[in-house]
Amino acid sequence: YKFRFYNGAVSGRICRFKIQRISANESTKNFNTTVYWKTIYDTSYYEVPERYLAKSDTAVVNVLDQVAKVHSGTNANGCKTTTNFILPQNTISWSYYIGVNQEGQQAYQDAAQNLIKNGGKFVTALSGYNPLAALALGATSYLVSLQTGENVLYRLTDGANASLFMAGQPYYQIKEGNVINDFRKMDPITGNLYFCLYNDNALEGIEVMIKVTAITVTNVYATRQIRKMDIKTHQEPYLKN
């Protein structure tokens, strides 16, 4: 119940009023007339589409596998050569191997045989798993550094610096070495990459095996319906007896 008071005069007025309850009987004499309020929660549910990661596919990608001929210093063709490659998308790690002549190639083959022989959790799980894949994943690769044999000077760089290398101009390299064989684990790099090779032997040409293997992870997403809650509130009056 509400009592409304209205003043039609220009000036204010002071009104005195009293509201009194007369109980019907003795049992209702102490009835509490105070109105209290409580919050009522109305809950409903609805569904919305959600995109989620269904799986991650790990793959071994053999990016480069070739044998480059590097002539001697006295050869008319010159003692420098380059070979280029581009890492695939979603590369998380990669590695390379460089080996000179039969000794360098045999060292890689020995590592591949030892990898198959000794097994490991990735051998059957990943198609194309090889010593370089093991190296890129931080597992045992069985690759060893050779101490005897013909050497090659190599540089890993980009296209612009590869051109400077061939022209005999100062250049920048990402990795370098003067080795019989070499192998490294690398972090992802974008762009067109080059291996620049130089043979410092004045009389004998060399054959250089170059291998590059990348580890890629491709995320596969799917859509599912998820249930969400919608909560609305309103106030309701009540009395305390």
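Going by the structure above, here's the rest.
It should be emphasised that the depicted structure is a prediction, and the values quoted were computed from it without experimental measurement.

Engineer: Explain the sheet that holds strand β6 (residues 181–186) to me, please; I cannot follow it from the model alone.
Structural biologist: The strands making up a sheet are joined through hydrogen bonds of the backbone, oriented either antiparallel or parallel. Strand order in the open sheet formed by four strands is β1-β8-β3-β6, and the pairing between neighbours is antiparallel. The strands lining the two open edges of the sheet, one partner per strand, are β1 (35–70) and β6. This sheet shows a mean twist of 5 degrees between the axes of neighbouring strands, independent of strand direction. Pairing between strand β3 (residues 91–100) and strand β8 (residues 206–239): nine bridges, direction antiparallel. Bridge pairing in β8 links V100 to V208. Packed on one face of the sheet, helix α1 (residues 101–118) meets β1, β3, β6 and β8 and runs near 140 degrees to β3.

Engineer: I tried to follow the packing of aromatic side chains on my own but got confused; where do I start?
Structural biologist: To describe a pair of aromatic rings, one takes the distance between the centres and the angle between the planes. Tallied over the entire structure, the rule returns 11 aromatic pairs. Ring centres of Y96 and F195 lie 5.1 Å apart, and the angle between their planes is 65 degrees; this geometry places the pair in the edge-to-face category. Taken together, the residues Y96 in strand β3 and F195 in strand β7 (residues 192–198) connect sequence positions 99 residues apart. Residue Y96 is classed as buried on the basis of its relative accessible area, which comes to 0%. Three or more aromatic residues joined by ring pairs make a cluster, and in this case those are F85, W94, Y96, Y154 and F195. Between K80 and the ring centre of F165, over which it is positioned, the NZ or CZ distance is 5.0 Å. It is R227 that lies over the ring of Y45; its NZ or CZ is 3.9 Å from the centre.

Engineer: Would you mind showing me how to read helix α3 (residues 159–167) here?
Structural biologist: A turn of α-helix holds 3.6 residues, and therefore any two residues three or four places apart point the same way. Where α3 is concerned, the buried positions are N161, A162 and F165. Considered in projection along α3, the buried side chains sweep an arc of 105 degrees and stay on one side of the axis. Turned more than 90 degrees away from the buried face of α3 sit A160 and A167, all of them exposed. Buried residues along α3 sit in contact with β2 (80–86), β4 (152–158) and β7. Of the residues trailing α3, G168 is marked for its positive phi of about 75 degrees.

Engineer: Any chance you could explain the pairing of β7 here in plain terms?
Structural biologist: Taken residue by residue, a regular strand's side chains alternate between the two faces of the sheet. Of all seven residues that make up β7, five are buried, and the element is covered over most of its length. Where β2 and β7 come together, seven bridges link them in antiparallel fashion. Looking across to β7, one finds that F85 is bridged to L193. Looking at chain direction, β4 and β7 are connected through six bridges and run antiparallel. Following the sheet pairing, Y154 is matched in β7 by L197.

Engineer: Honestly, the side chain of T157 in this entry has me stumped. Any pointers?
Structural biologist: With respect to the helices and strands, the residue T157 is situated in strand β4. Within the local environment of T157, its side chain forms a polar contact with the backbone oxygen of Y172, the two atoms lying 2.7 Å apart. Ignoring any residue separated from it by four or fewer positions in sequence, one finds T157 in contact with A162, Y172, Q173, I174, N192, L193, Y194 and C196.

Rules behind the numbers
Residues numbered from 1 in each chain as written. Predicted model: local features only at pLDDT ≥ 70, side-chain atom pairs only at ≥ 80, totals over all residues. Heavy atoms only, no water. Pairing = 2+ DSSP bridges. Helix = DSSP H or I, 4+ residues; strand = E, 2+ residues; numbered from the N terminus. Axes fitted to C-alpha atoms, helices over the stretch in contact; angles between N-to-C directions. Contact = heavy atoms within 4.5 Å. Phe/Tyr/Trp six-rings, centres within 6.5 Å; stacked < 30°, edge-to-face > 60°. Buried < 20%, exposed > 50% of the residue type's maximum accessible area, 1.4 Å probe, protein only. Lys NZ or Arg CZ within 6 Å of the ring centre and 35° of its normal. Arc of directions from axis to C-beta. Polar contact = N/O pair within 3.5 Å; in protein donor to acceptor, adjacent residues only side chain to side chain.

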